[in-house]
Amino acid sequence: DKAVFLDQKGTISGLIGAVLDITKSRRHERLLAARLRLSEFSQNHTIQELLQKMLDETEQLCESTISFFHFVEPDQKTLNLQVWSSSTLENFCSVNLENRHYPIEKAGVWCDCFREKKPIIHSDYNALPNRKGLPEGHAPLTRELVVPLFRKNKIVAILGVGNKEEDYGDDDIELVSAMADMAWDLVQKRQAEESRAESEEKYRTIMEAMEDSIYICSPDYVVEYVNPAMVKRVGRDITGEKCFSALYGRKSQCVPCLHDQVVKGDFITLEHTDPNTGTTYHVSNAPLYKPNGSVSKLAVFRDISDF
């Protein structure tokens, strides 16, 4: 009988282990699916919209009805209350939640994750002895899970979820931490893309306003950009053409050609006289490093005929 009991115990234990493995596998699949949706969503939505979408996804994963994502300022003293989930906003009818800055020292127990530098679960919020009252109009809060997000040994953000019908556990901590990490990386990527686009637009505006003739040429001699002054000089837009053909009417690269040296990293300046017009130019050639790792040539022609 004892042997049968042990055999049954082992069978039950194995079944429980199998169920847990299946549950973990399904949770992992749901997390991957959410990651894919967020990645696709990030392509054509603002950072604010992306973070709200992330919170909506997190709520579904953790079976919660309230969630927030707060940035922590570099001074590690101030919270920048940024984004709440769609469900949370519907329940915060009379509370102004967006773009609020708040000292961490005045924050309630939900900020204990910052103070203790680890995820915190409050299974009975109303029973906490040191909790602070919620703002008027705030949705009732029963349970909560808050996790800190670290970068370079500093907390950069806090993600919190609340009001799950059951207590939060380690699985929820894992899911929320993964979503916070993913959201931060997507935000950083979008911010870098927006910053790069802003810089490119700024420099494009400058180049288009210059009287100097400018063109950018790819490593394989294809013209990628010409400013209006270059279009006026050549008489047409030569984008997409080979530089030696468009500028000099040649069937192959010039001899000598400095292009290869420039795309290898050299800065080269010289004087060049256009054989067709007799105009003398001071030409500055510089390598232009692209985000994809390629290097193009930026050439600036300044007319010095009258000097």
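These remarks concern the structure in this document. Keep in mind it's a predicted model, so treat the numbers as computed, not measured. (Residues numbered from 1 in each chain as written. Predicted model: local features only at pLDDT ≥ 70, side-chain atom pairs only at ≥ 80, totals over all residues. Heavy atoms only, no water.)

Attention shifts here to the sheet that holds strand β8 (residues 223-226). Pairing is antiparallel across the open sheet formed by five strands, whose spatial order is β8-β7-β11-β10-β9. In this open sheet, the two edge strands, each paired with only one partner strand, are β8 and β9 (268-273). Direction aside, the axes of adjacent strands within the sheet are offset by 25° on average. Across five bridges, strand β7 (residues 213-217) lies against strand β11 (residues 295-303) in antiparallel orientation. Considered in β11, the bridge of C217 is made with K297. Helix α5 (residues 170-209) rests against β7, β8 and β11 of the sheet, and its axis sits at about 65° to β8. (Pairing = 2+ DSSP bridges. Helix = DSSP H or I, 4+ residues; strand = E, 2+ residues; numbered from the N terminus. Axes fitted to C-alpha atoms, helices over the stretch in contact; angles between N-to-C directions. Contact = heavy atoms within 4.5 Å.)

One pass over the structure, following the stated rule, counts seven aromatic pairs. Their ring planes at 85° and their centres at 5.3 Å tell us that F69 and F71 sit as a pair that is edge-to-face. Of the two residues, F69 and F71, both sit in the buried class. A ring pair is formed by Y221 and F244, whose centres lie 5.9 Å apart and whose planes are at 65°; its orientation type is edge-to-face. Here Y221, found in the loop between β7 and β8, pairs with F244, found in helix α7 (residues 243-248); they are 23 residues apart in sequence, far enough to count as distant. In this pair, the class of Y221 matches that of F244, namely buried. Here the guanidinium or amino end of K117 rests over the ring plane of F114, the centre of that ring lying 3.9 Å away. One cation-aromatic arrangement involves R233 over F301; the distance from NZ or CZ to the ring centre is 4.6 Å. (Phe/Tyr/Trp six-rings, centres within 6.5 Å; stacked < 30°, edge-to-face > 60°. Buried < 20%, exposed > 50% of the residue type's maximum accessible area, 1.4 Å probe, protein only. Lys NZ or Arg CZ within 6 Å of the ring centre and 35° of its normal.)

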